[in-house]
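Each chain, letter by letter, is given below.
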Amino acid sequence: MALGAQEPPTASRAASAWFEEVSSRWSAAFTHRHGGRGDFFMIETMGSGVVAFDYDGDGDDDLLWLDSGDPDHYRGAADGDAPPWLPGRNVLLRNDLGAAPPMQEDGGAVEAIASPRFVDVSEAAGVRLDDYVMGGTAGDVDADGDIDLVVTSFGPTRLLRNDGRGGFEVEPLDESEIFGRPGQRFWGASAALADADRDGDLDLYVTGYVDFDYGRNHLCGEPERGLRSYCHPNSYRGLPDRFYLNDGSGSFREAAAELGLGEANGNGLGVVWLDVGRDLEPDIYVANDLTANYLFRNLGAAHTPRFEERGALYGVALSERGDAEAGMGIGVGDWDGNGLEDLFVTHLDRQTNALYAALSPELFVDQRYQARLAEPSLPRVGFGAAFEDFDLDGDLDLLIANGHIIHNAEEFERGSTYRQPNDLFEQVAGGYRAVAASGLGIVRSSRGLALADFDLDGRTDAAISNSNEASELYRNVAPVATRAALRVRLRDAGAASLGRSPDGIGGWLDLAPATEGAARQSRYVRTASSYLSQNSLEATFGGVSSGQETVRLEVQWPDGRRQRILAPHRTRWLVHRSAAP
């Protein structure tokens, strides 16, 4: 195991801001382009995501900003006055962290350095694509020790295979016809990797959104008032989601129908893998936009997954009034400390964001009002969302990225705005309250959200992607007093020889309470969540006090093996490499 022994700096002011914007200081600036030219193609307003992952394996998380570019409807346009067509420019930023040393396998330490230095390696790495890119997910699909990428778009879904030398090889994934119409383009939104059949390699779920195409660009808005804007999803039909089985080499075949996923044809935007029964059989939750959400429970056994849709039965498909809501992004975490993960789903304004709390593996209860999260979301259009212990007090806070899809929302409804503040909520007394001194002062139309400890100071930072505007990178400077962090990342030393993914995806981490009466903290190791985005594979535990000599951590690996670890209380982060069986 590799241990870092630096505690986050102590804050001296109780009213200090929780975040500060550092994209320029850290050389991580990025501007998303949707390429709109007044035709109001629906794809333009949905934005793109952001992925935090350690692509070069040096122990710090790198950052991938995804970009849309110009719709390819304009490619080769004959109009001489039209601007040239420009593809999107995905930007991969390598986090050198002042040339931090690599993670050690033999107990060497990795020290934190205050200011990361991001270096743009996009061209050399080969992440530039001509596609109208939407989302991404990262994981080692071929079990070679390097983290690969999957990128979705209005068009093909592509695998970017990490060559281990700083670059990626781009491969398309096969897409079948939609509704039997040759040429109907697949619009893939969020994607997530997990080992669905528990054979050691990562499989892939991709949500299909709606059957928009350039030839069916409906006139939406209020034409009688001379107002036009982007269409809502009910102007189109939902697309079927895609599920790909990995053959062990990183090659995929579409297998949705044979595994019980063939009826998944809502307006899919967000997707997460989770383990609702803690039985290590990965389940799937999909946030659908104005259609009922899905929860596909994996009722099979190892190597033979079988999914059944149980969203309505478990209480996570609809609002408390029985209405389908505009599901966008998904935050997942055990907010109430009962060892089961809960689901937070963002929605359109005039609806409210949902918090489905797991009381048992088969029963969720909508606690949006009890948790005091409903009313603050009424004027917001939520997209990316993430639970995280930002202030290291031992419970999960909540960050939400907001922004309207209607570019001229102010003209349609009084009180609506296109650019909207992002929200940070602190968990207090059985619910949440807004953090007034959040530091999230920049107001844009936000979409993707990804979390990682980019500067390795023990506190989780946030990257927020905005639609057709500059994005933001926020450093966590929350006041943490004498509280410390334990950061954990799993690494299986025997994975390569056995042909399995090494990062413990699908495993569980449980931290014993630091004090009597405190809740046990649980973390599930997953790839993508939020909206079109992915957080770091490292898990953060707070609530560790400086008076504590050791912390007790239990690891349950995806194959069921358990390990119990005693770690120093000042451990900033921990990478554990298990012995091969």
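**Q** Whenever I open this one, the overall build of the protein confuses me. Can you help?
**A** Summing up its helical and strand segments, the protein has four helices and 40 strands in all. Relative to its 581 residues, the protein shows a buried fraction of 62%. Contacts spanning at least 24 positions in sequence make up 64% of the contacts within the protein whose residues lie at least 6 apart. Total accessible area on the protein is roughly 19,700 Å²; 49% of this is exposed by carbon and sulfur atoms.

**Q** Just checking my understanding: could you explain the pairing of strand S23 (residues 354–360) for this structure?
**A** Consecutive side chains along a regular strand alternate between the two faces of the sheet. Most of S23 sits inside the fold, with five of its seven residues counted as buried. In this sheet, S23 lies alongside strand S22 (residues 342–345) in antiparallel orientation, the contact comprising three bridges. Considered in S23, the bridge of Val345 is made with Ala354. Across four bridges, S23 lies against strand S24 (residues 363–366) in antiparallel orientation. Bridged to Ala358 within S24 is Phe364.

**Q** Would you mind showing me how to read the nonpolar core here?
**A** Taken as a class, soluble globular proteins show a tendency for nonpolar side chains to be buried jointly. The biggest cluster of nonpolar side chains holds 77 residues, and the ones touching the most others in it are Phe53, Leu92, Phe168, Trp187, Leu204, Phe212 and Leu509. Here the element with the most residues in this core is strand S32 (residues 483–492); it accounts for four residues. Counting residues domain by domain, this core receives three or more from each of domain 1 (27–100 + 116–476) and domain 2 (486–576). Ranked by size, the runner-up nonpolar core spans 19 residues in total, among them Ala192, Tyr205, Leu245 and Tyr294.

**Q** Which parts of the structure should I look at to understand the environment of Asp203?
**A** Note on placement: Asp203 falls in strand S12 (residues 203–208). Look at Asp203 and you get buried, because its relative accessible area is 0%. Taking the C-alpha atoms as reference points, Asp203 and Gly139, 64 residues apart in sequence, are found 9.8 Å from one another. In this structure the side chain of Asp203 is engaged in a polar contact, spanning 2.9 Å, whose partner is the backbone nitrogen of Ala196. There is a polar contact of 2.8 Å between the side chain of Asp203 and the backbone nitrogen of Asn246.

**Q** Sorry if this is basic, but what is going on with the side chain of Asp148 here?
**A** Mapped onto the elements of the fold, Asp148 is located in strand S8 (residues 148–153). In this structure, Asp148 is buried with no salt-bridge partner, the nearest side chain bearing the opposite charge being Arg161 at 5.8 Å. Among the polar contacts listed, one links the side chain of Asp148 to the backbone nitrogen of Asn162, at a separation of 2.7 Å. Apart from the residues lying within four places of it in its own chain, the contact partners of Asp148 are Thr137, Ala138, Gly139, Asp140, Val141, Asp142, Leu159, Leu160, Arg161, Asn162 and Phe168.

**Q** What am I meant to see in the sheet that holds strand S30 (residues 461–466) here?
**A** Note on sheets: strands pair through backbone hydrogen bonds, and any given pair is parallel or antiparallel. The strand order across the open sheet formed by four strands is S2-S31-S30-S29, and the pairing between neighbours is antiparallel. Looking at the sheet topology across the chains shown, the edges are occupied by strand S2 (19–21) and strand S29 (446–452). Here the strands of the sheet are splayed against their neighbours by 25 degrees on average, with no regard to which way each runs. Relative to strand S31 (residues 472–476), S30 runs antiparallel, the two being bridged by three bridges.

**Q** I would appreciate a short explanation of the sheet that holds strand S17 (residues 268–274) in the present structure.
**A** Overall, antiparallel pairing links the four strands, which are arranged S17-S18-S19-S20 in an open sheet. Across the chains shown, the open sheet's two edge strands, defined by having one partner strand only, are S17 and strand S20 (307–309). Each strand axis lies, on average, 20 degrees off the axis of its neighbour in the sheet, ignoring direction. Bridging between strand S19 (residues 294–298) and S20 involves three bridges; their strand directions are antiparallel. Along S20, the bridge assignment pairs Asn298 with Phe307.

**Q** Which parts of the structure should I look at to understand the state of the cysteines?
**A** Here, the word disulfide means a covalent bond between the sulfur atoms of two cysteines. Counted by the stated rule, this structure contains one disulfide. One disulfide in the model links Cys220 with Cys231; its S-S distance is 1.9 Å. Disulfide Cys220-Cys231: the torsion about the S-S bond is 95 degrees, which places it as right-handed. Here the residue Cys220 occupies a position in strand S13 (residues 220–222), and Cys231 occupies one in the loop between strand S14 (227–229) and strand S15 (242–246), the gap between them amounting to 11 residues. Here Cys220 and Cys231 have matching classes, each one buried.

**Q** What exactly am I supposed to notice about the pairing of S17 here?
**A** Of all the seven residues making up S17, seven are buried; the element is thus mostly covered by neighbouring parts of the structure. Strand direction decides the pairing type here: S17 and strand S18 (residues 283–288), joined by six bridges, are antiparallel. Along S18, the bridge assignment pairs Trp273 with Ile284.

**Q** Honestly, the pattern of salt bridges in this entry has me stumped. Any pointers?
**A** Close approach of charged atoms allows side chains with opposite charge to pair. Summed over the entire model, instances satisfying the criterion amount to 47 salt bridges. Between Arg310 and Glu308 there is a salt bridge; the shortest N-O distance is 2.9 Å. With a closest N to O distance of 3.8 Å, Asp510 and Arg520 form a salt bridge. In this pair, Asp510 sits in strand S33 (residues 508–511) while Arg520 sits in the loop between S33 and strand S34 (521–524), placing the two residues 10 residues apart along the sequence. Relative accessible area serves as the criterion here: at 5%, Asp510 is assigned to the buried category. Judged by its relative accessible area of 37%, Arg520 is partly exposed.

**Q** Could you clarify how one ought to interpret the packing of aromatic side chains in this entry?
**A** The description of two aromatic rings rests on the distance between their centres and on the angle between their planes. All told, the structure shown has 26 aromatic pairs when counted by the stated rule. Each ring, one from Trp187 and one from Tyr209, has its centre 4.9 Å from the other, and the planes form 90 degrees; the classification is edge-to-face. Separated by 22 residues along the polypeptide, Trp187 in the loop between strand S10 (168–173) and strand S11 (188–194) and Tyr209 in the loop between S12 and S13 bring together distant segments of the chain. Each of the two residues, Trp187 as well as Tyr209, counts as buried. Members of the aromatic cluster, each reached through a chain of ring pairs, are Phe41, Tyr74, Phe154, Trp187, Tyr209, Phe212, Tyr214 and Tyr236. The ring of Trp85 has Arg75 sitting right over it, with the charged end atom 3.9 Å from the ring centre.

**Q** Is there a simple way to think about unusual backbone geometry in this case?
**A** Most peptide bonds are trans, and most residues other than glycine sit at a negative phi. Positioned with a positive phi, Arg198 is a non-glycine residue whose angle comes to about 55 degrees. With respect to the element layout, Arg198 can be found in the loop between S11 and S12. Under the relative-accessibility criterion, Arg198 is labelled partly exposed at 21%. A positive phi is found at Ser530, a non-glycine position, where the angle reads about 60 degrees. Secondary-structure assignment places Ser530 in the loop between strand S35 (528–529) and strand S36 (533–534).

About the cut-offs
- Residues numbered from 1 in each chain as written.
- Predicted model: local features only at pLDDT ≥ 70, side-chain atom pairs only at ≥ 80, totals over all residues.
- Heavy atoms only, no water.
- Helix = DSSP H or I, 4+ residues; strand = E, 2+ residues; numbered from the N terminus.
- Buried < 20%, exposed > 50% of the residue type's maximum accessible area, 1.4 Å probe, protein only.
- Contact = heavy atoms within 4.5 Å.
- Areas by Shrake-Rupley, 256 points an atom, 1.4 Å probe, with all protein chains shown as cover.
- Pairing = 2+ DSSP bridges.
- Core = buried A, V, L, I, M, F, W, Y, C linked by side-chain atoms within 4.5 Å.
- Domains from an automatic or database assignment.
- Polar contact = N/O pair within 3.5 Å; in protein donor to acceptor, adjacent residues only side chain to side chain.
- Lys, Arg positive; Asp, Glu negative; His and termini not counted.
- Salt bridge = Lys/Arg side-chain N within 4 Å of Asp/Glu carboxyl O.
- Axes fitted to C-alpha atoms, helices over the stretch in contact; angles between N-to-C directions.
- Disulfide = S-S within 2.5 Å.
- Phe/Tyr/Trp six-rings, centres within 6.5 Å; stacked < 30°, edge-to-face > 60°.
- Lys NZ or Arg CZ within 6 Å of the ring centre and 35° of its normal.

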